[in-house]
Amino acid sequence: SSDLSWYDWHVEHWGTKWNANTEDFGFPCRWSTYHGKPSCHFVFYTPWVAPLPIIEKLSSMYPKLTFRLNEREGGNRIDNMYVFRDGRLIKKVEYL
């Protein structure tokens, strides 16, 4: 909606308030396989939480690819792994 502020738009579409930072990693996608299927492992920094809406959208745009996202946030002891395929979250692992 055009009534959304930049902050609200980012949170609604990206799941986080700022853009991702990849400068420490180079290209943010590391290709591998997951259960024998092509997989893109994203590596980047974001504030708050993992931008799950973006990964969900990408996986719906490329339904034959598997998207795996690791989320780590030391201050709140968050350490999760998400796997998307065909626009859906197919696996979430919480590491404690």
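Residues numbered from 1 in each chain as written. Predicted model: local features only at pLDDT ≥ 70, side-chain atom pairs only at ≥ 80, totals over all residues. Heavy atoms only, no water.

Caption draft 1: Molecular detail of the environment of proline 53. Tracing the chain through its elements places proline 53 in helix α2 (residues 52-61). Judged by relative accessible area, which is 31%, proline 53 ranks as partly exposed. Each C-alpha atom, one on proline 53 and one on glycine 87, is 9.8 Å from the other, the two residues being 34 residues apart in sequence. Residue contacts for proline 53: discarding those within four places in its chain leaves Glu12, His13, Trp14 and Gly15. (Helix = DSSP H or I, 4+ residues; strand = E, 2+ residues; numbered from the N terminus. Buried < 20%, exposed > 50% of the residue type's maximum accessible area, 1.4 Å probe, protein only. Contact = heavy atoms within 4.5 Å.)

Caption draft 2: Up close: the packing of aromatic side chains. Enumeration over the complete set of coordinates arrives at 1 aromatic pair. Where tryptophan 6 meets tyrosine 7, the ring centres are 5.9 Å apart and the plane angle is 85 degrees; that geometry is what we call edge-to-face. Judged by its relative accessible area of 35%, tyrosine 7 falls in the partly exposed class. (Phe/Tyr/Trp six-rings, centres within 6.5 Å; stacked < 30°, edge-to-face > 60°.)

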